[in-house]
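Chain residues, written in single-letter form:
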Amino acid sequence: MVSVLFVCLGNICRSPMAEAIFRDLAAKKGLEGKIKTDSAGIGGWHIGNPPHQGTQEILRREGISFEGMLARQVSEQDLADFDYIVAMDAENIGSLRSMAGFKNTSNIKRLLDYVEDSDLADVPDPYYTGNFEEVSRLIKSGCEHLLASIQKEKQL
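What counts, and where the lines are drawn
- Residues numbered from 1 in each chain as written.
- Predicted model: local features only at pLDDT ≥ 70, side-chain atom pairs only at ≥ 80, totals over all residues.
- Heavy atoms only, no water.
- Buried < 20%, exposed > 50% of the residue type's maximum accessible area, 1.4 Å probe, protein only.
- Helix = DSSP H or I, 4+ residues; strand = E, 2+ residues; numbered from the N terminus.
- Arc of directions from axis to C-beta.
- Contact = heavy atoms within 4.5 Å.
- Polar contact = N/O pair within 3.5 Å; in protein donor to acceptor, adjacent residues only side chain to side chain.
- Phe/Tyr/Trp six-rings, centres within 6.5 Å; stacked < 30°, edge-to-face > 60°.
- Salt bridge = Lys/Arg side-chain N within 4 Å of Asp/Glu carboxyl O.
- Core = buried A, V, L, I, M, F, W, Y, C linked by side-chain atoms within 4.5 Å.

### Focus: helix α4 (residues 90–100)
- Residues of α4 that are buried include every one of Asn 92, Ile 93, Leu 96 and Ala 100, and no others. Looking down the long axis of α4, one finds its buried residues gathered within 100 degrees of arc, a one-sided arrangement. Exposed residues pointing more than 90 degrees away from the buried face of α4 are listed as Glu 91 and Ser 98.
- Turning to α4, the residues buried within the fold contact β1 (2–8), α1 (14–28), α3 (76–81), β3 (84–87) and β4 (108–110).
- One side-chain oxygen at the N-terminal end of α4 lies 3.1 Å from the backbone nitrogen of Glu 91; it belongs to Asp 89.
- Of the residues trailing α4, Gly 101 is marked for its positive phi of about 65 degrees.

Okay, here's the thing in structure tokens:
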């Protein structure tokens with residue numbers, strides 16, 4: 001089974017949105033049971049909280065389930081357990097690489113690294129910008145490209 005962990009700062013806006021969208025895309029391609037998806041935050045401020053209301057609204061509108069999703073903090077064990085660790089921005093990448101220490105970090109990338117023609121490198125944090133629509137569009141594109149990359153690489 002291929003495992004994917006999405007990471008953002010607090011695990012209530014971007015990473016749960018990516019987790020839900022990616023899971024939905026994988027299911028639509030018949031890949032349930034072949035890809036495990038989760039999300040976590042760099043910080044522990046929101047542990048146990050459901051996704052932000054803005055994320056919930058986007059997912060509801062798209063008919064994508066976020067049932068049972070609660071914020072958690074990324075752990076060192078996650079770095080070993082997941083095949084793909086997909087961060088939302090450069091700050092998240094730096095934190096993850098620091099956490100990894102001298103271990104191989106080739107499986108840690110930004111979501112928009114998978115979108116070759118993207119003008120942006122980072123998915124902006126809607127917790128601060130309020131722009132959940134833009135974030136949704138970027139995450140959906142990133143997830144589509146990530147899934148295509150995984151399918152090609154893992155021959156799924």
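### Quick notes on unusual backbone geometry
- Within the chain, Asn 11 stands out as a residue other than glycine whose phi angle is a positive 65 degrees.
- Its location among the elements puts Asn 11 in the loop between β1 and α1.
- Judged by relative accessible area, Asn 11 falls into the buried class, the value being 2%.

### Focus on the packing of aromatic side chains
- For the coordinates displayed, the defined rule picks out 2 aromatic pairs.
- With a centroid separation of 5.3 Å and 80 degrees between ring planes, the pair formed by Tyr 127 and Tyr 128 is classed as edge-to-face.
- Taking relative accessible area as the criterion, Tyr 127 reaches 43% and is therefore assigned partly exposed.

### Focus on the pattern of salt bridges
- Throughout the structure, instances matching the rule amount to 10 salt bridges.
- Among the ionic pairs, Arg 14 bridges to Asp 125, the shortest N-O distance being 3.5 Å. Residue Arg 14 is located in helix α1, and its partner Asp 125 is located in the loop between β4 and α5 (126–129); the two are separated by 111 residues in the primary sequence. Accessibility classification places Arg 14 together with Asp 125 in one group, the buried group.
- With a closest N to O distance of 3.4 Å, Glu 62 and Arg 61 form a salt bridge.

### A look at the nonpolar core
- Core analysis: the largest hydrophobic core is formed by 37 residues, its most contacted members being Val 4, Phe 6, Phe 22, Ile 35, Ile 139 and Leu 146.
- Elements with a contribution of two residues or more to this core: β1, α1, α2 (53–62), β3 and α6 (132–154).
- If one sorts the elements of this core by residue count, α6 sits on top with 8 residues.
- Of all hydrophobic cores here, the second largest spans 14 residues; its members include Leu 5, Leu 9, Ala 40 and Ile 42.

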